[in-house]
Amino acid sequence: MMMKKYFFHGIAGHTCVPALLLLLFLISPFCVQAQNRTVSGKVTDADSSGPLIGVSVKVKGQSMGTVTDVNGNYSISVGDNAVLEFSYLGYTTQSINVAGKNTVSVKLTADDKALNEVVVVGYGTQKRSDITGSVASVPKERLSKLPVNNVMQAIQGAVANVTVSQASSIPGDAPSAQVRGRNSIKATSEPYVVVDGIPLTKTDGSINDINPNDIASVEILKDPSAVAIYGVNGSNGVILITTKRGTTGKPSVKYSGYAGAEEAAHILEPVSGEELLNRYAEYARITKTSLYNGGPVRNQFEFDNYKNGVTTDWLDAVMQTGNIQNHNVSLSGGSENAKYYVSTDYLGQNGIVKGYNYKRYSFRANTDFKATKYLSIGTSTFFVAHNKDGGRANLLQALAMSPYAKMYNDDGTLTQYPMYSEQLWSNPLLPTTTNPERRQFNVSLNGYAEADFGQIADPLQGLKYKFNGGYSYVPVRENTYEGKSVYNLNGFGRIINRETQTYTMEHILTYTKDIAQHHFDFTGLYALKSKHWQENVASGQIFPNDELGWGNLESATTQTVSSESDLYRTISQMGRLNYSFDSRYLFTFTVRRDGSSVFGANHKYGVFPSAAVAWNIHNEAFMKPYESVLNNLKLRLSYGISGNEAVPIYRTLALMNSGSLTMGGKSNTTLRVRSNMGNDDLRWEKTTGFNTGLDFGLWNNRIDGSIDFYKSHTNDLLLDQSLPRLTGYQTVLTNIGEVENTGLDVTLNSRNISKKDFSWSTTVVFSTNKNKIVDLYGNGKSDLGNRWFIGQPIGVIYDYTKVGIWQEDEITSGANSTWDAAAQAGDLKLADISGPDGKPDGKVDDNDRSILGQTSPKWTGGLTNTFTYKDFALSIFINTVQGALRNNPQIGGASDEMGRRSTPAALGYWTPANKSNEWRSLGNHSNSHGYGFPESASYTRLKDITLSYTLNQKLVEKIGVSGAQVFASGRNLYTWTNWLGWDPEARDITRGSDNDNINYPMVRSFIFGLNLTF
C-alpha cells in the first residue's frame, strides 16, 4: 500500500511535471511540422487479392499509426524519409521506404512461420510441418520472460501431460517431472534430459545445473516414435534443451537481473496459548493425568513462562521474509566463420525458514567455428557451483512447540527441550548453531566436429558426419559436525566425498536427398557412454573439543571409514529414416539397439523399433477452397517400443558383504551372502506405445493446436520376487509385471484480439492419464503389502472409509459392541463394508479397507492469457491439478502425540460438549485402526503474473543501450484448495523420519527485474 502511495505521489505530485508538460508543448509544433506528407494505399492478401481489414500501418520506430478500413484502404501522415511497417496476424510483416511516394499498396503473404519453424528432435532438427511424432515445445515466452530458478518451473502446467511437481520449495531443490504417467513400479519415472545433444540424466547432474537464462528452446518428446530414438532411456519421455549460441554480427552484451522477496504462500497457524491450555485440560481429563504443579500447563518450562506471562511465536522464530536475486551477463556475436556465446550467472536465495540458504555460480561458453568450407567445430561447455551451507531450523519441531515453551536457558544458550520435561520435541533452532557444508559442482566439457562431405565432392551432397563428445565431472562434498551446541557432549563429525565422471561419445551420420517431390533423410548413430561413481565416508565420535569439528577427525576416539564405487557402461546403435512425398505424406522408421552393463550375461542387448506416419491434409489439392479457413491440418499415427533399465548397477550379480572376525588372536576378513539372488536373465522393461494426433490451424492460425490420444503398455517390469528360505536368499529380481497408461493431450492457442495497439492471446492445455497395473507376479494376484492392485493405478490410497465419530449415546446403547467393541466416545467411526463373503459382517477389521482414490492426478490443465498494449505486456497463468488423493500427515501425524505437542489451529477435536462428527478426541485410542486421513489434494493455483514494459528504443539509444525492459512478476500468488496443511503439493514429513528436518512450505514470491541489451 505504501508502494502504491509513493508511486502516485511520484507522478502526480512531482514538481517536475509542469516543466515536462511545458517542454512537450513547445516541441510539439516541430514534431507535427516534420510529418507534412500523406501516404495512402490499399493492403490485400497476396494469394486471394482480397482486402485485409485491420492491418496495422505505422511509422517504423514510432508509436503513431493507423489501421486499414473494411476495403483494405489506409491513409497516414509521414515525414520525408519515413519507413512504413505493415503487420497483420498470420501474415509476414513488411517494411517499405515511402520516400517520395504518395501512394503505396501492399500485398501481404501468409506467414507459415509456425509450420516452417525448426524444431529440435532426437539427433537433429526438423521443420514442424514434417514431424510425425508428438513433440511439444515449451512456449518461448515462459523461457525468456519468467524469472525462475530452473527450467522445470517454467514448464510446470504449460505443456499438456507433462506433470511437474514442486514438492519441495527448499532453495536449490529441483522439481520432479513425469511425462504421460508412470511406466514403472520400482524404477524412476523422470524423463530423460538431453542438453545440446549430450545427456544430463545418468551423470548425477541436476536440472538446476542449467541456467534458465542460457536456454534457447525446450522440446519434449512424448510419443513412441519420438522417444524410441533414445531406446533404453526413452520410456519416460525425453526433454531436449538447446542453449543459446552466437550469431553473425557485432558483439551484443545483455544483462538480465531480478530481485525480490519471498514468503510462505500459506501459513498453517498453530493454536493460541489459550487454545492450547484448553487442549491440555481436555487431554488430562481423558487420560486421567494431572497437569504440572496443578496446571494449567503440562511441563515445568511451560509453567515458568505461563506464570511470568511469557509466550513465544515459534513459527515467527524459525521463519523470515526470504529474498532472492539473480544477475546474468552474456556476450554473443561473431562472424560468418566464428560465433560465440558466453555467459556468467549468479543466483542467491535466503529461504523463508532460517538457515535454508542457496548460492549458485555458473559459467557457460558456446562456440562455433567454420574451420574450412567442409569442417565445423564447436563447444558447449559449462561450470556450475552449488552452495547450501549452514545449519537449518526445523519447521516441524517449531510447529509442535507450545507458545509457553522456553527458548533460552538462563545463560543465553538455546534450551535442548523447550517443553521440558517433555523430551519428544527438541528446540527447532538448535541445528542453526551448526555449520555443515553442502557443496556440489558440475564441470561439463562438451564439443562437436561436423564434416559436410557435399563441400568436398558434389556427388556427396547431403552427406554429413558429426562427432559429439562429452565429459562431465560432478563432485559432491557434505561435511557435518555436531557438538555441545546441540547437546552432543561427545561430538560427532562426518565427511562425505562422492564424485561422478561420465564420458559420452557419439558418431552421427546423416544423409539428405531430394528427388523431384520425394525427400529422404537418414540418420545413423553409434554411441558409447561410461560412468564411474565413487563415495568415501569418514566419521568420528568422542572428540576432545569442538574447535576443529569435521576438520580433525583423527582426534576422535572412535573412527570409521567406508568406501564404495561402481562402473556403468552402455553401447548403442540407431538408424532412422524419414521419407516424405510432396510435403503431404510423411513416414518415419527408427530402430535402436542398446547394450548395458547393468544387465545379465544372457540379455545384454535390447532392440527398440518404431514407425510413424503423418498426412498433411491441408497440402492436398482438394483443400484449396478451404485454405482461407483451414490453413493447417495434419493427422499423425505412431507405434513403437522404448525401454527403461530400472535396475541398479550389479543387481544381476550374486553379491557378498565383507566383514571381519577375530580368530586366533588376529582379525580375519569374512564374506556374507546378501539377501538378493543374482539373475543373469534380467532384461529391460519395455514400453510399447501407440499415439494418434491431430494438428490444426484455423483462419491463418488465429486458432491452432493439437490433440493427441495415446496408449502404452509396459511389460517385463522388474520386481522383487520372494524365495524360499532354504535357498539362502530372500528375494530375486525378475521381469514379471505389466503396467498400462491411457490418456489425452490437448493444446489450444487463440489470438482473440489483434489491434494496432492492443492484443490478447490465450493458451489452454488439458491432459488426462489413466494408469493401471495389468499384472504383477504372473498369477493375477494383487500385492496387498505394497498396496499394488491389479486393475488399479500404481499409487493408490487403500484404507478404511470414515463415516463419523462415535458419540456417547452410541457407546451407551452398545451400538459399537460388535461393530468396534473397543471404541470409546470420540473415536473414529469406520464403515463396515465387507466380510469374508464380501458382504458387511457387522464388525470393522482389515477386510473393510478399500481403494479410496489415486495419488496421481486424474487430469491437469493450464490457462495462459497474454495481453499487450503498446509497449506493455501482461501475462497471467493459472494451472490446476484435479483428482489426486493424499494421506494428510498434519491430521494423522498428531495421532498419540496430541496431548504432548501443539497442533495447527485448524485441527479440531471432539469433547463431550463439542460433539463433533468430523474431529476425533485427544485420546491416544481415538485412531486405534491406524486410519491415514486421506484428503483431496486437488488445487487450482494462480501460478504467475508478469507485467513488463519495453522502454522507447530511441530514448534508451541516447544512453548507449539498444534495448531495455523492466518487469514485475509474482509466483504462487493464490491457491484454491480444500487441503488442510501448508500446501497440497508440498512435501510434509512427520516426526520419526530422518528427513523431518526438510519440511518447507510452498513459497510465494514478488520479483522486480531489468533486461538490458547493449
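Remember, it's a predicted structure, so these values are computed and weren't measured experimentally.

**Q** Is there a simple way to explain empty space enclosed by the protein in this structure?
**A** The probe, sized like a water molecule, is rolled over the atoms to show the empty space still left. Under the criterion given, the structure shown has 13 cavities of 30 Å³ or more. In this structure, the largest cavity occupies an estimated 300 Å³ of space. Around the largest cavity, the lining comprises 27 residues; the ones closest to its centre are Asn149, Gln153, Glu262, Gln349 and Arg971. Elements represented by at least two residues in the lining of the largest cavity include exactly β19 (338–350), β20 (357–370), β46 (963–977) and β47 (1003–1013). Taken together, the residues of the lining of the largest cavity sort by class into ten nonpolar, twelve polar and five charged.

**Q** Could you clarify how one ought to interpret the pairing of strand β15 (residues 215–221) in this entry?
**A** It is a general feature of regular strands that their side chains alternate between the two faces of the sheet. Counting buried residues in β15 gives six out of seven residues, a clear majority hidden from the surface. As judged from the three bridges shared by strand β10 (residues 135–137) and β15, these two strands associate in the antiparallel manner. Considered in β15, the bridge of Val135 is made with Leu221. Examined bridge by bridge, β15 and strand β16 (residues 238–243) share six bridges and lie antiparallel to one another. Bridging across to β16, Ser217 finds its partner in Thr242.

**Q** Help me out: how do you make sense of the sheet that holds strand β6 (residues 94–97) in this one?
**A** The strands making up a sheet associate through hydrogen bonds between their backbones, and the pairing can be parallel or antiparallel. With antiparallel pairing, the four strands of this open sheet are ordered in space as β3-β2-β5-β6. Every interior strand has two partners, whereas the edge strands, β3 (65–67) and β6, have only one. Put simply, the sheet's adjacent strands are angled 20° from each other on average, direction ignored. Judged from the four bridges that link them, strand β2 (residues 56–59) and strand β5 (residues 83–87) form a sheet pairing that is antiparallel.

**Q** For this particular structure, what's the right way to read the side chain of Arg849?
**A** If you trace the backbone, Arg849 turns up in the loop between β39 (828–830) and β40 (850–854). Of the buried charged residues, Arg849 lacks a salt bridge, with Asp846 as the closest side chain of opposite charge at 4.0 Å. A polar contact is formed between the side chain of Arg849 and the backbone oxygen of Asp846, at a distance of 3.2 Å. What Arg849 contacts, discounting residues up to four positions off in sequence, is Leu784, Arg787, Tyr798, Asp799 and Tyr800.

**Q** Where do I start with helix α8 (residues 300–307) in this structure?
**A** Residues separated by three or four positions in an α-helix point in the same direction, a consequence of the helix having 3.6 residues per turn. By the burial criterion, the buried members of α8 are Phe301, Glu302, Phe303 and Asn305. One or two steps after α8, the chain reaches Gly309, where phi turns positive at roughly 70°.

**Q** How should I be thinking about the environment of Val253 in this particular structure?
**A** The topology assignment puts Val253 in strand β17 (residues 249–264). For Val253, a relative accessible area of 30% puts it in the partly exposed group. For the pair Val253 and Ser343, spaced 90 residues apart in sequence, the C-alpha to C-alpha distance is 9.6 Å. Contact partners of Val253, with chain neighbours within four places excluded, come to Val329, Ser330, Leu331, Leu1012, Thr1013 and Phe1014.

**Q** Please clarify how the pattern of salt bridges should be interpreted in this entry.
**A** Pairing is possible between side chains of opposite charge, provided their charged atoms come close. Scanning the model with the defined rule gives 36 salt bridges in all. Here Lys202 and Glu645 are joined by a salt bridge, their closest N and O atoms 2.6 Å apart. Taken together, the residues span a long stretch of sequence, with Lys202 in the loop between β14 (198–199) and β15 and Glu645 in the loop between β29 (630–644) and β30 (656–663) at a distance of 443 residues. A residue is classified by how much of its surface remains accessible, and Glu645, at 6% relative accessible area, is buried. One salt bridge in this structure joins Asp757 and Lys756, with 3.9 Å as the shortest N-O distance. Owing to a relative accessible area of 22%, Asp757 belongs among the partly exposed residues under this scheme. The exposure class assigned to Lys756 is partly exposed, which follows from its relative accessible area of 30%.

**Q** Help me understand the pairing of strand β8 (residues 118–121), please; the structure alone is not making it clear to me.
**A** Burial of the side chains of β8 is restricted to one face: Val119 and Val121 are buried, whereas none of Val118 and Val120 on the reverse face is. Looking at chain direction, β8 and strand β9 (residues 124–127) are connected through four bridges and run antiparallel. Residue pairing across strands places Val121 opposite Gly124, the latter belonging to β9.

**Q** In this structure, what is going on with the environment of Asn741? I would like to understand it.
**A** Within the element layout of this structure, Asn741 appears in strand β35 (residues 731–754). For the pair Asn741 and Arg182, spaced 559 residues apart in sequence, the C-alpha to C-alpha distance is 7.5 Å. The contact partners of Asn741, leaving out residues within four places of it in the chain, are Arg180, Gly181, Arg182, Asn183, Tyr710, Lys711, Ser712, Asn769, Lys770 and Asn771. Side chain to side chain, Asn741 and Asn769 meet in a polar contact 3.4 Å long.

**Q** Would you take a moment to explain helix α7 (residues 273–287) for this structure?
**A** Given a rise of 1.5 Å per residue, 15 residues ought to cover 21 Å, and the 21 Å separating the end C-alpha atoms of α7 matches this to within 8%. Those residues of α7 not exposed but buried are Gly273, Leu276, Leu277, Arg279, Tyr280, Glu282, Tyr283, Ala284 and Ile286. Turning to α7, the residues buried within the fold contact α8. Lys288 sits one or two residues past α7 and shows a positive phi near 55°.

**Q** Even after reading the chapter, I still don't get the packing of aromatic side chains, so can you show me in this structure?
**A** Taken as a whole and judged by the stated rule, the model has 23 aromatic pairs. Ring centres of Phe766 and Trp859 lie 5.6 Å apart, and the angle between their planes is 40°; this geometry places the pair in the tilted category. With Phe766 in strand β36 (residues 758–775) and Trp859 in strand β41 (residues 859–869), this pair connects stretches of sequence that are 93 residues apart. Overall, Phe766 belongs to the partly exposed group, its relative accessible area being 29%. Judged by relative accessible area, which is 34%, Trp859 ranks as partly exposed. Note that Lys406 overlies the ring of Phe301, its terminal NZ or CZ placed 4.9 Å from the centroid. Of note, Lys829 hangs over the ring of Trp806, and the distance from its end group to the ring centre comes to 4.8 Å.

Each value, and the rule that gives it
- Residues numbered from 1 in each chain as written.
- Predicted model: local features only at pLDDT ≥ 70, side-chain atom pairs only at ≥ 80, totals over all residues.
- Heavy atoms only, no water.
- 1 Å grid on protein atoms, 1.4 Å probe; cavity = no way out; pocket = protein on both sides within 12 Å on 5 of 7 lines; lining within 4 Å.
- Points joined across faces, edges and corners; volume = space filled by probe spheres on them.
- Helix = DSSP H or I, 4+ residues; strand = E, 2+ residues; numbered from the N terminus.
- Nonpolar A, V, L, I, M, F, W, Y, C, P; charged D, E, K, R; others polar.
- Buried < 20%, exposed > 50% of the residue type's maximum accessible area, 1.4 Å probe, protein only.
- Pairing = 2+ DSSP bridges.
- Axes fitted to C-alpha atoms, helices over the stretch in contact; angles between N-to-C directions.
- Lys, Arg positive; Asp, Glu negative; His and termini not counted.
- Salt bridge = Lys/Arg side-chain N within 4 Å of Asp/Glu carboxyl O.
- Polar contact = N/O pair within 3.5 Å; in protein donor to acceptor, adjacent residues only side chain to side chain.
- Contact = heavy atoms within 4.5 Å.
- Expected span 1.5 Å × (residues − 1).
- Phe/Tyr/Trp six-rings, centres within 6.5 Å; stacked < 30°, edge-to-face > 60°.
- Lys NZ or Arg CZ within 6 Å of the ring centre and 35° of its normal.

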